[in-house]
Amino acid sequence: MCIRDRSQDEDRRPSFVPKELWCNACQAISREALKVLRHRTSEVDIAEALNRICFQNMAVYEFPPPDMTRGCDAFIAGWDEELESALVRSCLLYTSEA
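Summary of the structure given here. Here the structure is a predicted model, which means the values were calculated and not measured. (Residues numbered from 1 in each chain as written. Predicted model: local features only at pLDDT ≥ 70, side-chain atom pairs only at ≥ 80, totals over all residues. Heavy atoms only, no water.)

**With respect to the pattern of salt bridges**
The condition is simple: By definition, a salt bridge exists where a carboxyl oxygen of Asp or Glu is found within 4 Å of a side-chain nitrogen of Lys or Arg. Comment: elements are numbered from the N terminus, with helices defined as DSSP H or I runs of at least four residues and strands as E runs of at least two. Buried, partly exposed and exposed residues are distinguished by accessible area as a fraction of the type maximum, computed with a 1.4 Å probe on protein chains only: under 20%, between the cut-offs, and over 50%, respectively.
On inspection of all chains with the given rule, the structure shows three salt bridges. Arg12 is paired through a salt bridge with Glu82; the nearest N and O atoms lie 2.9 Å apart. With Arg12 in helix H1 (residues 6-12) and Glu82 in helix H4 (residues 65-97), this residue pair connects regions lying 70 residues apart in the sequence. A relative accessible area of 25% means that Arg12 is categorised as partly exposed. Classification of Glu82 as partly exposed rests on a relative accessible area of 34%. For Glu32, the salt bridge is made with Lys35, and the minimal N-O distance between the two is 3.2 Å.

Below, the structure written as structure tokens:
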């Protein structure tokens, strides 16, 4: 679900966020959102999950929690609409297969 167009990614990554943290934040957001959403598929549920996602337990990821939260906030700020759309498509696909 993460970024495929790297040139577009570089345009949105703030200079204060290292590439490795940016990538880890994307992966953490994807994993945590899918955990939180489970069977919920409405756009409202997805938007609410993304609004709270950076407050999830980030201690299990490669970077320390304060860094992960900073990377998460920066990633959400640059990709919020695309993330929401991807999660809506992913959740709809999940429910159609179930």
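Now, onward.
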